[in-house]
Amino acid sequence: MQVKILDKKSFQQDLLDWYDKEKRDLPWRRETDPYRIWVSEIMLQQTKVDTVIPYYNNFMEKFPTLQDLADADEDKVLKAWEGLGYYSRARNLHTAVKEVRDEYKGKVPDTEEDIKKLQGVGPYTAGAVLSIAYNVPAPAVDGNVMRVLSRLFTIYDDIGKAAAKNKFEQLIREIIAENRASDFNQAVMELGAVICTPTSPACLLCPVQKHCSAKEEGVQDLLPVKAKKKPPRTVHLKALVLQDENDRFLVEKRPDTGLLAKLWQFPYIEAAEETDEDIAAFAAEFGAAVEEEVNYYYDVKHVFSHLVWEIKVYRAEGKVDNIGSHQRLLTKDELKEFTFPVSHQKIMQSLEEE
DNA sequence: AAGACGGGGGT
DNA sequence: ACCCCAGTCTT
């Protein structure tokens, strides 16, 4: 591969000098424990630093060591992840940490071969943990890195394609500062986060502007190239908030796999058509009398990356029976102990406004 | 190679 | 209302 950079040493020095001076003071940057680095990198997948910080701090308070997390109940782990999204990250991390406890004597693997075997550890996270925790010169290519490199070297490959990622990893292998792999990888990501931003990059403040091919050609706003995603499909739901005579609410645990696996929710049905009887029939299964017009209460809209939930919420009070084994009746206080997706937190919140 | 999988921010 | 952000696993 042709590296069009003029002076590698000069580039590394300009980048690292800037990073040494300007790097943000982040909780996980005060840590050297590979377990803590690992947790931060899992949380940072698809998620902004500002969102992660409070979750990370709380998580470390609850599970200070790898052993603590490995020994914890899954429900507690999910509760600590509540609202962060992509809950398979939490389940996979929990599985992987138990694997490290049992198969690696509690020490996070420091080789690419071993660390990649862990659930939820893909090419990015493997490189990030190896470089940041162990200073191994492995590439850690995330969206920030692809954006920075696509501009530095005017690469017009679609960064959504798998082939492009290999190209960027190879590029990092060629330009990484071998003895400062941790700082180098973090510096590139930091540059992408605070200077080389998706829109309106701050080129005038950029420490490596003089090495940047896109800036030289004035095409920084055209990069990176990325195919547009399809709009999410809309699913119509009717959710049922049943409150029994003891002011307990009917909730249920979602299946072990798929969307929002193992989280709790108010029972609902998919309503393909705007029919009137379906919610009544659904409620009748619990011995509750619900009518479309009488019990309709509230609308909740929730947007995921691949679908939209438009939820009509129905409320009813009275005796509740015929509870399934995955279902529970919980008081308002007890609801707080269970993990709900944000969409159903919105439903819960509507109960406070009366 | 494409889709599933959450949630947040900016304008 | 519309735009943007994007790792890993599964199919």
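Predicted model only: the values in this text are computed from it and were never measured.

Cut-offs used in this document
Residues numbered from 1 in each chain as written. Chains lettered and ligands numbered in written order. Predicted model: local features only at pLDDT ≥ 70, side-chain atom pairs only at ≥ 80, totals over all residues. Heavy atoms only, no water. Near = heavy atom within 4 Å. Polar contact = N/O pair within 3.5 Å; in protein donor to acceptor, adjacent residues only side chain to side chain. Helix = DSSP H or I, 4+ residues; strand = E, 2+ residues; numbered from the N terminus. Nonpolar A, V, L, I, M, F, W, Y, C, P; charged D, E, K, R; others polar. Contact = heavy atoms within 4.5 Å. pLDDT = per-residue confidence, 0-100. Buried < 20%, exposed > 50% of the residue type's maximum accessible area, 1.4 Å probe, protein only. Lys, Arg positive; Asp, Glu negative; His and termini not counted. Salt bridge = Lys/Arg side-chain N within 4 Å of Asp/Glu carboxyl O. Domains from an automatic or database assignment. Buried area = accessible area lost by both parts, 1.4 Å probe. Expected span 1.5 Å × (residues − 1). Phe/Tyr/Trp six-rings, centres within 6.5 Å; stacked < 30°, edge-to-face > 60°. Core = buried A, V, L, I, M, F, W, Y, C linked by side-chain atoms within 4.5 Å.

Undergrad: Which residues make up the protein's contact with DNA strand C, and what are the values?
TA: Taken together, 19 residues surround DNA strand C, and among them Q46, G120, T125, D142 and G143 come closest. Within 4 Å of the protein, the contacting atoms of DNA strand C are drawn from sugar and phosphate to the extent of 70%. Separating a phosphate oxygen of DNA strand C from a backbone N or O atom of Y124 is a distance of 3.0 Å. Between a phosphate oxygen of DNA strand C and a side-chain N or O atom of K226, the distance comes to 3.2 Å. Going through the elements one at a time, α8 (123-134) and α9 (143-152) are the ones with two or more residues in the surface near DNA strand C. Tallied by class, the residues present in the surface near DNA strand C amount to five nonpolar, eight polar and six charged.

Undergrad: Describe the side chain of N144, listing the residues and the values that go with them.
TA: Checked against the element boundaries, N144 lands in helix α9. Here the side chain of N144 touches R147 through a polar contact of 2.7 Å, side chain to side chain. Not counting the four nearest positions on each side in its chain, N144 is found in contact with M189, G192 and A193.

Undergrad: Mind laying out the confidence of the model for chain A, listing which residues take part and the relevant values?
TA: Confidence along chain A averages 93 in pLDDT terms, with 97% of residues attaining 70 or more. Per-element mean pLDDT across chain A ranges from 84 in helix α14 (residues 292-295) up to 98 in helix α4 (residues 66-71).

Undergrad: Got a sec to walk through the side chain of R147? Specific residues and values, please.
TA: You can see R147 is positioned in helix α9. Of the side chains with opposite charge, D142 comes closest to the buried, unpaired R147, at an N-O distance of 7.3 Å.

Undergrad: Quick one: what's the story with the domain arrangement of chain A, residue by residue and with numbers?
TA: Accessible area lost upon the coming together of the parts serves often as the stated size of an interface. Splitting chain A by domain gives domain 1 (8-222) and domain 2 (233-350). Computed over C-alpha atoms, the centres of domain 1 and domain 2 are 37 Å apart. The partner domain 2 presents 16 residues to the nine residues of domain 1 that form the contact. The junction of domain 1 with domain 2 conceals about 880 Å² of combined surface from both sides, 47% of it contributed by carbon and sulfur atoms. Of all residues in domain 1, K79, E82 and Y87 give up the largest surface area on contact with domain 2, accounting jointly for 48% of the area buried on that side. Summed over the shared surface of domain 1 and domain 2, the number is two salt bridges. For K253, the salt bridge identified is with D75, shortest N-O distance 3.3 Å. At the surface where domain 1 touches domain 2, the tally comes to seven residue pairs in polar contact (both at pLDDT 80 or more). Of the residues contributing to the side of domain 1 that touches domain 2, the split by class is three nonpolar, one polar and five charged.

Undergrad: Tell me about helix α6 (residues 88-103), and name the residues and values.
TA: Counted at 1.5 Å a residue, the expected span for α6 with its 16 residues is 22 Å, and the 22 Å between its end C-alpha atoms agrees. Residues of α6 that are buried include every one of R89, A90, R91, L93, H94, A96, V97 and V100, and no others. Considering only its buried residues, α6 is in contact with α2 (34-44), α3 (49-62), α4 and α5 (74-81). Phi turns positive, to about 55°, at K105, one or two residues after α6.

Undergrad: Can you tell me about the packing of aromatic side chains, naming the residues and giving the values?
TA: We describe a pair of aromatic rings using the distance from one ring centre to the other and the angle between the two ring planes. According to the stated counting rule, one finds 11 aromatic pairs in the structure shown. Taken together, a centroid distance of 5.3 Å and an interplanar angle of 75° make the contact between W28 and Y56 edge-to-face. You can see W28 sitting in the loop between α1 (8-22) and α2 and its partner Y56 sitting in helix α3, a full 28 residues away along the chain. A centroid spacing of 5.0 Å and a plane angle of 80° characterise the contact between F304 and W309, whose relative ring orientation is edge-to-face. Note on W309: relative accessible area 3%, which makes it buried.

Undergrad: Give me the lowdown on the nonpolar core, citing residues and values where you can.
TA: With 62 residues, the main nonpolar core has Y35, W38, F59, W81, L93 and W309 as its most contacted residues. Take this core: its biggest share by element is six residues, from α2. Both domains that furnish three or more residues to this core are identified here as domain 1 (8-222) and domain 2 (233-350). What Y35 contacts, discounting residues up to four positions off in sequence, is F59, M60, F63, P64, T65, L66, L69, V97 and V108. Core analysis: the next-biggest nonpolar cluster, separate from the first, contains 40 residues, L152, A164, A177 and A187 among them.

Undergrad: Quick rundown of the environment of V108? Include the residues and the values.
TA: Residue placement: V108 occurs in the loop between α6 and α7 (112-115). Using a relative accessible area of 4% as the deciding quantity, one classes V108 as buried. With 171 residues separating them in the primary sequence, V108 and I279 have C-alpha atoms 50 Å apart. For V108, the contacting residues outside a window of four places in its chain are P34, Y35, W38, L66, V100, I115, V129 and Y134.

Undergrad: Tell me about the protein's contact with DNA strand B, and please be specific about residues and values.
TA: In the vicinity of DNA strand B, 19 residues are found, and the nearest of them are Q46, Y86, Y87, L259 and L260. Take the atoms of DNA strand B that sit within 4 Å of the protein: sugar and phosphate atoms are 59% of them. Between DNA strand B and the protein, one listed contact pairs a phosphate oxygen with a side-chain N or O atom of K230 at 3.1 Å. In this structure, H302 approaches DNA strand B through a side-chain N or O atom, which is 3.1 Å from a phosphate oxygen. Its residues placed into classes, the surface near DNA strand B shows nine nonpolar, eight polar and two charged.

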